[in-house]
Amino acid sequence: MSKVQQFSRAARWLHWSMALLLLSLLFAGLTMVRALEPWQLTLLQLHKSFGLVALVLVLIRLWVRMRTQAPALPADLAAWQRVSARLSHIGLYACMLAMPVSGYLMQNAAGRPLEVFGWFTLPALLEVDLALYGILREVHGWVALAFILLILVHLGAALQHALIRRDGVLQTMTGRRRP
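Residues numbered from 1 in each chain as written. Predicted model: local features only at pLDDT ≥ 70, side-chain atom pairs only at ≥ 80, totals over all residues. Heavy atoms only, no water.

A. Spotlight on the overall build of the protein chain. If you tally the helices and strands in the protein chain, you get five helices and two strands. Moving toward the C terminus, one meets the helices and strands of the protein chain in the order α-α-α-β-β-α-α. Summarising its shape, the C-alpha atoms of the protein chain cover approximately 55 × 30 × 30 Å along the three principal directions. The proportion of buried residues among the 179 residues of the protein chain is 35%. (Helix = DSSP H or I, 4+ residues; strand = E, 2+ residues; numbered from the N terminus. Buried < 20%, exposed > 50% of the residue type's maximum accessible area, 1.4 Å probe, protein only.)

Below, the structure is given as structure tokens:
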């Protein structure tokens, strides 16, 4: 059983900064598919660049997570809740990896370069293939929907721990001391 009372400062910083970034990326992605406005191209370029930032941050986050100990869940938490917590976190990490990778490969298959903030262009890993582009676009969309669902489950669980159970689980990620 873990004696750690809260996540490391690096883990907390990555969690909250990535939450803001990922919610912004999801909102931008949903906005782009619903609009054909003059600002859409600019938003698309920012979406692609910040998507790469998200990929780098999730790799750092995984590295930090593997090198630091996490606080234990409350001892009285039901087994199915422990399993659900573990599976939902695995799902969140899978989405954090799948979203930028599928987006990058989708752009490759469409023959669109991935220019990062106008500073450099990533090399294409795939040949232009519009059929593959269509598949990857669907994958990107379905992963986004799964990601949104998992975020809502994660948020619901955090609120349940904070407001109903009052067991200190949320405080492990806010930096406040557990009761």
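B. Fine view of the pattern of salt bridges. A complete count under the given rule lists two salt bridges for this structure. The partner of D76 in a salt bridge is R165, and the shortest N-O contact between them spans 2.7 Å. Of the two residues, D76 sits in the loop between α2 (40–67) and α3 (79–109) while R165 sits in helix α4 (residues 130–165), which places them 89 residues apart along the sequence. Note on D76: relative accessible area 59%, which makes it exposed. Classification of R165 as partly exposed rests on a relative accessible area of 25%. (Salt bridge = Lys/Arg side-chain N within 4 Å of Asp/Glu carboxyl O.)

C. How the structure looks around unusual backbone geometry. Even without a glycine there, the phi angle at F117 is positive, about 55 degrees. Tracing the backbone through its elements, the reader meets F117 in the loop between β1 (114–116) and β2 (120–122). A positive phi angle, close to 50 degrees, is found at R166, a residue other than glycine. In this fold, R166 is placed in the loop between α4 and α5 (171–174).

D. The arrangement of the nonpolar core in detail. The biggest cluster of nonpolar side chains holds 21 residues, and the ones touching the most others in it are M18, L22, V58, M96 and F147. Counting only elements with at least two residues in this core, the list comes to α1 (9–32), α2, α3 and α4. Here the element with the most residues in this core is α1; it accounts for seven residues. Leave out the neighbours within four places in its chain, and L22 touches A54, M96 and F147. Counting residues in hydrophobic clusters, the runner-up holds five residues, among them M106, A109, A110 and L136. (Core = buried A, V, L, I, M, F, W, Y, C linked by side-chain atoms within 4.5 Å. Contact = heavy atoms within 4.5 Å.)

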